Each structure stands twice: as structure tokens, then as C-alpha cells.
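# Descriptive analysis of the structure
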Amino acid sequence: METKIRVENLNFYYGNNRALTNINMEIYRNKITAFIGPSGCGKSTFLRTINRMNEFIENTRVEGKVLIDDEDIYSKKVDPVELRRRVGMVFQRPNPFPKTIYENIVYGLKKNGVKNKEVLDEVVDTTLKSVALYEEVKDKIHKSALELSGGQQQRLCIARAIAMQPDVILFDEPTSALDPISTMKIEELLLELKNDYTIIIVTHSMQQAARISDYTAFFLNGELIEIDETNKIFSNPRDKRTEDYITGRFG
Amino acid sequence: MSVLKEDLVRLIDNPVGLRRRKIKNKFFHGLLFLCTIFGVVVLAFLLYDILKKGLPWLSVDFIKNFPSRFPKKSGIYPALLGSLMLILLTTVIAFPVGVGTAVYLEEYAGNNKFTEFIKLNIANLAGVPSIIYGMLGLAVFVRALGMGRSILAGSFTMALLVLPIIIISSQEAIRSVPGILKQASYALGTTKWQTVTGVILPYAIPGILTGTILSVSRALGEAAPLIVVGALSYVSFAPSSVMDSFTTLPIQIFNWASMPKKDFQNVAAAGIIVLLIILLAVNSIAIILRDKYQIRMKD
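The structure reproduced in this document is the subject of the present report. Note that residues are indexed from 1 along each chain, following the sequence as it is written. Chain labels run from A onward and ligand labels from 1 onward, assigned in the order the entries are written. Predicted model: local features are reported for residues with pLDDT of at least 70 only, side-chain atom pairs are reported and counted for 80 or more only, and whole-chain, interface and lining totals are derived from all residues. The side-chain figures draw on all heavy atoms in the structure; neither hydrogens nor water molecules are used.

### Here's the deal with the overall build of chain B
The following threshold applies: Secondary structure follows DSSP: runs of H or I at least 4 residues long count as helices, runs of E at least 2 residues long count as strands, and numbering of each begins at the N terminus. Throughout, the radius of gyration refers to the C-alpha atoms, and the reference size of a globule is 2.2 Å times the residue count to the power 0.38. For this analysis, residues touch if any pair of their heavy atoms sits within 4.5 Å. Methods summary: accessible areas were calculated by the Shrake-Rupley approach with a probe of 1.4 Å, and residue burial reflects only the protein chains presented. Note that His is not counted, nor are the chain ends; the positive residues are Lys and Arg, and the negative ones are Asp and Glu. For charged residues, the charge sits on one atom: NZ in Lys, CZ in Arg, CG in Asp, CD in Glu.
Summing up its helical and strand segments, chain B has 12 helices and zero strands in all. Counted from the first residue to the last, chain B has its helices and strands arranged as α-α-α-α-α-α-α-α-α-α-α-α. Against the 2.2 N^0.38 benchmark of 19 Å for 299 residues, chain B shows a C-alpha radius of gyration of 26 Å, more extended than a compact globule. Of the contacts formed within chain B by residues at least 6 apart in sequence, a portion of 74% connects residues at least 24 apart. Taken as a whole, chain B presents about 16,600 Å² of accessible surface, with 69% of it coming from carbon and sulfur. If the 28 positive side-chain charges of chain B are averaged to one point and the 14 negative ones to another, these points end up 6 Å apart.

Structural data, given as C-alpha cells:
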């Protein structure tokens, strides 16, 4: 088992308000790690420290280290633009660009200088196939992405992230706006994608974490309470608060 | 408790009160309708008056001729050309500067006192009377920068006049871009500028164009600042370059309207019709462009 991401003594502040306290954890390559916890526990904030998306919120501050492949992504040498190419992200609500399906997938590549049409065409085909969307949309690749259903849009957003050839993909509650069947499809997809990517998923649904993740981290009030193999967390948590949460006593 | 309920129901269902409320409703319904109709009626009357006076005078010759001391020979050609050149040049100057400012203020500038100060000033500038811009244009463009009483000086002056409106409407259009789309773009490893060109501007362009064209069509009807800058009231030649002196439709119309000969009133009305047609055309362009670029976000 290989460590992909190591977080060391991470603190995060919104102004003077500390949102994350002293987080330490390891995330393993080609595994699905789920972050669970009640609303406002900091799990999404923590997710966004891994691709530095919090930097778009003014007046925020990070202390500590996030090492991806042993390189601290907060060191001066790391360019956040380049980092986000390597660490993809899928958001809570499907957010395709108001462009065609094709243009959605190649957007990031084109902006990063890939102009060769044959390459782009191939990327569109392969990524659509790898998110199991190809059969459904192959006849309307040049139609607006907004015509797709919510579940299809979300899979397109995953395709868009994959097209950038990332190592890590962050999912911020990717199924919270979807119906159960679309949710199931996304979950199946995640299980396939972990062969090629390191996946981190924030989820409100403990069942979802139990179904798909290899590791589960439980957050409470900005602290990491515990992280372990998913079956251990759900069958035999070490911390009383974890147990209370997963048995539904609060949250 | 049940007593209280009965009392309340009796109060609410009180037939006198109910009738009074209904009458009040009808009254305000009527009053609000009158407010609406007031503007429409006045406008219709003005339009009728102008069309009645001006239509018989409107002809190809009227468009092609130069002004003359004889009403029958008077034409609007130099003013029309002056207006079109002025408005085109104004747009060329004001649009990039205005949109650039809006993008800077919304996407690049930090949220600090300086930015706040600039935003406040732009909002205030939008309310400055147009003649003040004329004075500024006279001092800066005509005299200090030596442009003389040219179309160029007039265009820069008009550009200043419409700039705050373009900036504010562009800012609003840019602010309406969903944050979730910007984040999607950034998360794909793009720089700010790439996100501006890739997501923000395409999404905001209908709003930006609408604001720009509406402000430009306002400038089309302005006379005061141009009189200060030195637009002529009588031009016997058509402007051929941006350094030529010029006149515009509103000034020409004002000039005719103040002539003693009665027929010139009709000439002025014909001029107003031409100006109205151009304004309508410009506004239609705004609508067409907006619809063309309109991106409908399904929720």
C-alpha cells in the first residue's frame, strides 16, 4: 500500500476562525477514502485544501503541510494552476459549462495548450467511455451539455476532470443532488475509477461511505476524530464519538 | 381559546371590512393602471405629433442633402454621418475600457479600501450631469491633448460619459456568472485570465452587450456635452476623417427647432424621426445580440 497524500499538522482559518485543527492523515494510492461527519465539521474545507481551491475565498489561511508524492503543495515551488491539473475535482451539484458535451471535456486540455484535433477527439471518446456515458450521448456530442439529465451531467463533470489526466480526484458530495439510480451509477463508476486514480470523496451518506470506500475518516468540529479501514470504522470504531455518529445518535 | 377564535373569525369575516378592502383593491388597481397609461399616452401623443409634422418632409433628399437656409432644401446628411461616426468611435473606445475595468474590479482587484473607493466613484460618475463631461472634454481632449473640435474629441468625451454605465452593467453581468462555473474552470487547472475568457465573458456577454448598447444609444441622443466640446450647428461638408469638425443629429434638430421659419419645425420633426429610427435600430441590435449569445442555464 502506497501513500499518495500525507497531511501533516494542517490548520485552516477563515479569518480568525479556525475551521480545521491539527489534521494528520495518510491517503493511499488507488483507494477510495471517504470523509464523513456532520454539516460544518470541516470535511469539505479539508477536501479543498488538497487542490488549494480555498484560495479563492478571501481572508483564509493554511498552516501545515499537504504532501502529494512527498512534495508539499503549499511550498512556493508549486503552482496552484499546475496542481489542479493533477488533482481534479467534482462538485456537489453538476456544473457543466453551458457549452457542448465535446467542449466541456476538452475545455481544460485546450486551456492547457492541447490543440491537436485528433488527440482531443480521442480523449472525448475514451473519457466518455470510461464514465459509461458514451452509449447514451454518442449522437449528441456536439449538443449542449445542459440538455443532459442531472446524473449524466455529473458523469460528464467526472469525464471533464478525467480528461486532464489527474492522479487524484476529489469528489465533494457528488451524488447529493442526484436520484438513487444516478447515485448508484456514480458509485459503480467510482469503484472502477479507483484502479486508475486516488479518490477522495466527501459524503453525507454513511451508507455511501460504507458501500464504496476503502478508508473512512470521521470529522467533527474541524478535527479528524479517526481514520481507518472502512469496515473497522463501521464495525468497531475506536472513538466513542465516531460510534455515536455512525449509529445515528447525532448528526 | 374557542371564544378568541370566534371573535377573530367574526372580525376577519366582517362584511363591511371586506367590502372596504375590496374597494381599496379596485381603487389601487385603477390607479396603477393610470400610472402605466400616463406614460404610454404622452408618448403616443408625442409620436403622433412628430410623425404628422415630419413624415411629409421625410425623403431620400432629406437624408442626402446638407442643411440649408431654405426648409425645402434642408437635409440631414452631415449630422447623420457625424452621429454614426461619433457613436461608432465612442463604442470602440468605451467598450474595451469599460469591460476591462469591470473584469478587473470583479475578478482581479482585492476586496480592499482602494477597490471600494473606485467602485463608489464609478457609481457616482454615472450620475454626473452630461454637460460636466462636456467641460472636461473641452479642457482635456480639445485643448490639452490638442484634438481640436473634432469627432475624435467628441468621441472621447462621449466615451467618458457612457463609461460608468458600461462598467456598472458589465460588473453586474460578470457578478451573475455562477460561482460554481468559475470553480469548475479553476479546478481544471486554468489561470484567472483563461477562466475570464473561457467561462466568465461568454456567460456575461449578453448582459454586457445590452448595457453597452443601451448606454451608447443614450449617448446618441445627447447634445449638451457636444455643444460644449464644439460640435458645429451648421456644417456644409460631410466629415471624412475623425479629425474633422462635425455636427450630430440632436444638435441639428435643436438648431432647426430654434429657427424662426415655421417650416423648420417640420424639418426638425423629420430629423427626430431619423434619430428615432436609428435608436430603434440600435436597440434592436442589442436585443438580437443578446438573444444570439443568450445561454440558458437549466437548473
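### Things to note about the interface of chain B and chain A
Counted only if it meets this: Accessible area that two parts lose when put together, evaluated with a 1.4 Å probe and summed over both, is termed the buried area. A carboxyl oxygen of Asp or Glu within 4 Å of a side-chain nitrogen of Lys or Arg is what we treat as a salt bridge. Side-chain atoms alone can form a polar contact between residues adjacent in sequence; in general such a contact is a pair of N or O atoms within 3.5 Å, and within protein one must be able to donate a hydrogen while the other accepts it. Only Asp, Glu, Lys and Arg are considered charged, only Ala, Val, Leu, Ile, Met, Phe, Trp, Tyr, Cys and Pro nonpolar, and every remaining residue, Gly among them, polar.
Opposite the 24 residues of chain B that make contact, chain A presents 25 residues. Buried surface at the junction of chain B and chain A, both sides included, amounts to about 2,000 Å², of which 63% is carbon and sulfur. Put simply, chain B and chain A have zero salt bridges between them. Run the count over chain B and chain A and you get six residue pairs in polar contact (both at pLDDT 80 or more). Of all elements in the fold, only helix 8 (179–186) and helix 9 (192–220) of chain B reach the threshold of two or more residues within the side of chain B that touches chain A. For the side of chain B that touches chain A, a count of residues per class yields 10 nonpolar, 11 polar and three charged.

### Overview of unusual backbone geometry
Excluding glycine, residues mostly carry a negative phi; peptide bonds, for their part, are mostly trans. Residues and elements named next belong to chain A. Using the following cut-off: Any residue under 20% of the maximum accessible area for its type is buried, any over 50% is exposed, and the rest in between are partly exposed; the area is computed with a 1.4 Å probe on protein chains only.
In this structure, Asp-70 is a non-glycine residue whose phi angle is positive, near 70°. By secondary structure assignment, the location of Asp-70 is in the loop between strand 4 (60–68) and strand 5 (71–72). The exposure class assigned to Asp-70 is exposed, which follows from its relative accessible area of 63%. The residue Glu-173 is not glycine, and still its phi comes out positive at about 45°. Following the sequence through the fold, Glu-173 ends up in the loop between strand 7 (168–172) and helix 7 (180–193). Judged by relative accessible area, Glu-173 falls into the buried class, the value being 7%.

### Points about helix 3 (residues 101–111) of chain A
Counting buried residues along helix 3 of chain A, eight of its 11 residues qualify, which places the element largely inside the surrounding structure. For helix 3 of chain A, every residue scored as buried is listed here: A:Ile101, A:Tyr102, A:Asn104, A:Ile105, A:Val106, A:Tyr107, A:Gly108 and A:Leu109. Where helix 3 of chain A is buried, its residues meet helix 4 (117–130), helix 5 (134–137) and helix 6 (150–162) of chain A together with helix 8 and helix 9 of chain B. The positive-phi residue at the C-terminal boundary of helix 3 of chain A is A:Gly113, with phi of around 95°.

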